[in-house]
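Examination of the molecular architecture
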Amino acid sequence: MDILNMIFMNVLLVTFTSSIIAVLILIIRYLLKARISIRFNQILLSFILLRFCMLIVPESSISILNLLPQYGAENTISESLSTIHPNIENRQTPRNSIGKITQVDYIKNDDKRLELPTVGTTHVENKISITNILSIIWLAGLLIILIGAILIQGRFTYKLKSCEQIDDSELLIIMEKCKKILGIKRNVNIYMGDNFKSPFIIGIFRPSVYIPKQMINVDQEHFQHVILHELAHYKRKDLIYNIFSVIAIGIHWFNPIIWKITSIIKSDIELACDTYVLDRLGEDNAISYGESILVVTRLFLSRRNQIGLACYLNNTKKQLERRIIMINKFKKNTYKFTALSIMSALLIGGIVLTNPVSARQKNDKLKDSIDNLEIDENKDMMDDILVKLYCNRYNNLDSFIDNVEFDFMVPDYVPQNNYYLGELAWFPHDERARLFYDNDNGFFLDIMMFQKDPDEYFGNRTVKIDRYPSSIEGIEGEILVTKFGSETTKHFIYKKNDIYYVIDYQKVNGDNSIKGEIPLSEVAEIIKSLKNPEDVDKSIFDLPNIDFCVYSMEDMETAREIVGFDFKLPIDDFLGKYTRIQASEDRKDIKLNFEGGFNLVQTQEIPYYYNQFTKLGKLEIADSEKVWFEKMEGNWEYINNRKVLKIIYTCELFGNQTEPDRDIEYIWCDNDIYYCISYNGYTSPIDIEKAMKHIMDSKTFDEITKGE
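Here's a quick rundown of the structure. (Residues numbered from 1 in each chain as written. Predicted model: local features only at pLDDT ≥ 70, side-chain atom pairs only at ≥ 80, totals over all residues. Heavy atoms only, no water.)

**Quick look at helix α18 (residues 608-616)**
Selection rule: Relative accessibility under 20% of the residue-type maximum defines a buried residue, over 50% an exposed one, and the middle range a partly exposed one, all with a 1.4 Å probe and only protein chains included. Each helix is a run of H or I in the DSSP string that is no shorter than four residues. Each strand is a run of E no shorter than two, and both are numbered from the N terminus.
Along α18, the residues that are buried comprise Tyr608, Tyr609, Tyr610, Asn611, Gln612 and Phe613. Count one or two residues on from α18 and you reach Gly617, which has phi positive near 75 degrees.

**Comments concerning the environment of Leu45**
Looking at the element boundaries, Leu45 is found in helix α2 (residues 38-53). Take Leu45: its relative accessible area is 0%, and that puts it in the buried class. In the structure, Leu45 is positioned 220 residues away from Ile265 in sequence and 6.5 Å away in space, judged by C-alpha atoms.

**Structural notes on unusual backbone geometry**
Phi at Glu473 takes a positive value of approximately 50 degrees, unusual for a residue other than glycine. Here Glu473 is to be found in the loop between β13 (463-472) and β14 (475-484). Residue Glu473 is classed as partly exposed on the basis of its relative accessible area of 48%. Non-glycine residue Lys588 carries a positive phi angle of around 55 degrees. Looking at where Lys588 falls in the secondary structure, it is placed in the loop between β20 (578-584) and β21 (589-594).

**Description of the packing of α2 against helix α7 (residues 238-251)**
Cut-off, in case you're wondering: Between the N-to-C directions of two axes lies an angle of 0 to 180 degrees, each axis being a line fitted to C-alpha atoms and, for a helix, fitted only over the stretch in contact. Oblique is the label for every angle not falling under 35 degrees (roughly parallel), over 145 degrees (roughly antiparallel), or within 65 to 115 degrees (roughly perpendicular). By definition, any crossing whose near helix is turned counterclockwise from its far helix by less than a right angle is left-handed, and any crossing with a clockwise turn is right-handed. Residue contacts are defined here by distance: any two heavy atoms, one from each residue, within 4.5 Å place the two residues in contact. When residues are grouped by polarity, Ala, Val, Leu, Ile, Met, Phe, Trp, Tyr, Cys and Pro land in nonpolar, Asp, Glu, Lys and Arg in charged, and all others, Gly among them, in polar.
Closest axis-to-axis distance for the α2/α7 pair is 9 Å, and the angle between their directions is 40 degrees. The pairing of α2 with α7 is recorded here as oblique in orientation. α2 and α7 meet at a crossing whose hand is left-handed. Two secondary-structure elements touch here, α2 through Gln42, Ser46, Leu49, Leu50, Phe52 and Cys53 and α7 through Asp238, Tyr241, Phe244, Ser245, Ile247 and Ala248. Looking at the contact of α2 with α7, its residues break down into 8 nonpolar, 3 polar and 1 charged.

**What to know about the sheet that holds strand β23 (residues 631-639)**
How we decide: In this analysis, strands are considered paired if DSSP registers two or more bridges between them.
With respect to topology, 8 strands assemble into an open sheet ordered β19-β20-β21-β22-β26-β25-β24-β23, the strand pairing being antiparallel. The outermost strands of the open sheet, each flanked by one partner alone, are β19 (548-549) and β23. Note that strand β24 (residues 642-650) and strand β25 (residues 662-670) share 6 bridges and pair antiparallel. Residue pairing in the sheet places Lys646 in a bridge with Tyr666 of β25. Its contacts with the sheet place α18 against β23, β24, β25 and β26 (673-680), and it is angled at close to 80 degrees to β23.

**Description of the packing of aromatic side chains**
The cut-off we apply is this: Working definition: a ring pair exists when centres of Phe, Tyr or Trp rings (six-membered ring for Trp) sit within 6.5 Å. Plane angles under 30 degrees give stacked, over 60 give edge-to-face, the rest tilted.
A complete count under the given rule lists 24 aromatic pairs for this structure. A ring pair is formed by Tyr494 and Tyr501, whose centres lie 6.4 Å apart and whose planes are at 40 degrees; its orientation type is tilted. Of the two residues examined, Tyr494 and Tyr501, each falls in the buried class. Ring centres 4.9 Å apart and planes at 15 degrees place the aromatic pair Phe594 and Phe598 in the stacked group. Take Phe594 and Phe598: they sit in the same class, and that class is buried.

**Re a nonpolar patch on the surface**
Stated precisely, the cut-off is as follows: To count toward a patch, a residue needs a relative accessible area above 30% and no salt bridge. Like charges then connect within 9 Å, nonpolar side chains (Val, Leu, Ile, Met, Phe, Trp, Tyr) within 5 Å. Only the protein chains shown count as cover for residues, and the accessible areas themselves come from Shrake-Rupley with a 1.4 Å probe. A pair is scored as a salt bridge if a Lys or Arg side-chain nitrogen falls within 4 Å of a carboxyl oxygen belonging to Asp or Glu.
Residues Val23, Ile27, Ile28, Tyr30, Leu31 and Leu32 make up a contiguous nonpolar surface patch of about 590 Å² in total accessible area. Tracing the backbone through its elements, the reader meets Ile28 in helix α1 (residues 2-31).

**Quick look at the pairing of strand β22 (residues 598-603)**
Strand residues, when the strand is regular, have side chains that alternate between the two faces of the sheet. Among the 6 residues of β22, 6 are classified as buried, and the element is accordingly described as predominantly covered. Here β22 shows no split at all, with Phe598, Leu600 and Gln602 on one side and Asn599, Val601 and Thr603 on the other all buried. Turn length for the β21-β22 hairpin, with the two strands adjacent in sequence and antiparallel, is 3 residues, and the turn residue Gly597 shows positive phi of about 90 degrees. Relative to β26, β22 is paired through 6 bridges, and the arrangement is antiparallel. Pairing of Leu600 across the sheet is with Ile677, part of β26.

In structure tokens:
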């Protein structure tokens, strides 16, 4: 259903933009009808027809739609986002109702990983939206039209089987003469029958002319003019217009403009064919050609034309009058295109067959400007708003190696004992990179890389017991033994290209029991597998289940692409700096953590509990959330003239607590974006009204980067 909705919304966008262009061109045709040739008129309408058939429209700076306000270039649906995995979320951050919607949350508790399953979706299930209904109606209309066209054409083709091929030598001579006049070398058969009421031609690659039996007895000159007209349809490839007309009507059947356009095109095709024939015959034959049109029309005036995907003479009275007037006014070379006409047609094609430059392209230009002209300024901006973190985490190997300040190798092998990558981290203060592998058996494989001797790092955090040279399967290195509390850890240190690789391989409890270990043979295999990052399968270092963290302006732009909307970026002394900025690809939300001890989440999805309270007037705590909270309460408040839902999450008492911890959350909606502020009600007291006012009045990321 989501795919159908996306296609339908794209069709609406195309029908809207194409209709604007169609109306403008029809107005131009009306104002300049005396100065525009029949052929150029048809070219203009052909561009409109093609535009209606294009569900993916290129963008250009010369598009006529650039003159309009930005009607929604952001809605270019054919665009796809790059796959950028989100990063690790601060586990100490208060829970947030947006995170309860689609996320599987993990927390560490006593060195074990607890999984909290998803509790619902952002929208009430089984609820059919208006968009769903309209999408289904549109698809039904499309199928009816396409199936109808196929059935009509099939019935039409079946009737043609009863037609007889003409072998009259005089008529065949006329056919060859007509082909020579129009420069047609392909063989064209001619048939006659009773099942149709006007002459026509079918076949894009194998053309055949069909005439009613009544036409056998008409004057040879009239017969020749009719054949010339039908062959002109083939020469000009008019059958293609009919195919595109059916496609355009099928896609945009609900739009009356496309029905009008196809009707005008059909009329213009007949006029253009007459002009094409007369241009070959010359002005002297215009009167006799017009008489032929009248003679043939009188034969079939009282009979309905056969419907099909074939070009035929359109015998309505109004159309006939228009054709006769055009024939009487015909001048030699009317059909020919001048160089100026060709250039004008190409320019108009570029103007009407393209969309305006989208916000995405403008953002790309802005990105180039930021990267090339304003690097220092924007770097200073990030330093001003983002606290320099002790640890930076990444969700793919490319980002990891780009940010670590020295070159290092990575293992292409880890022990086959349920180890899985849990963290790619860079610690700027320690000049330390870390690969952390988790394990369901409780032993965590730590691989750390240092540019300088790791003694200083361990000396500041643990008690060094011993360090001595050692060899594992011919690999020369050192054993380092450290102690933290009652726990003793053994590390193997391997040095290559002035980079130290430290691998933890055993942890021993205070009672000398082994808490966890990996065999030294496995340590040797890890070291032997070390390779340059370019030589390994980088996908094994992807972390798809964690949020994307922002550390630079480039990261900020990536976060903007991940969430798919322009988020507010409050920069204010009252709110303080950001301790973390995270974007979630799965939830399509962005989370801003402030020094003030509270968090702001922005999303286009309806928060679960906000949706629940709006519909039920109460909150029903989900089973998975009972791990966190004993109860929750909600009520509506008005803050800064906005309706805001306030939720209080009450935790169980722990230890010697006399009062339970309470997390507080405020949720409101502005312009289809939901904003959620959450904080601990006791440890993080804030002036919520002042904070919300600062957020509501703040600029968005796009506004800041564009200098608005």
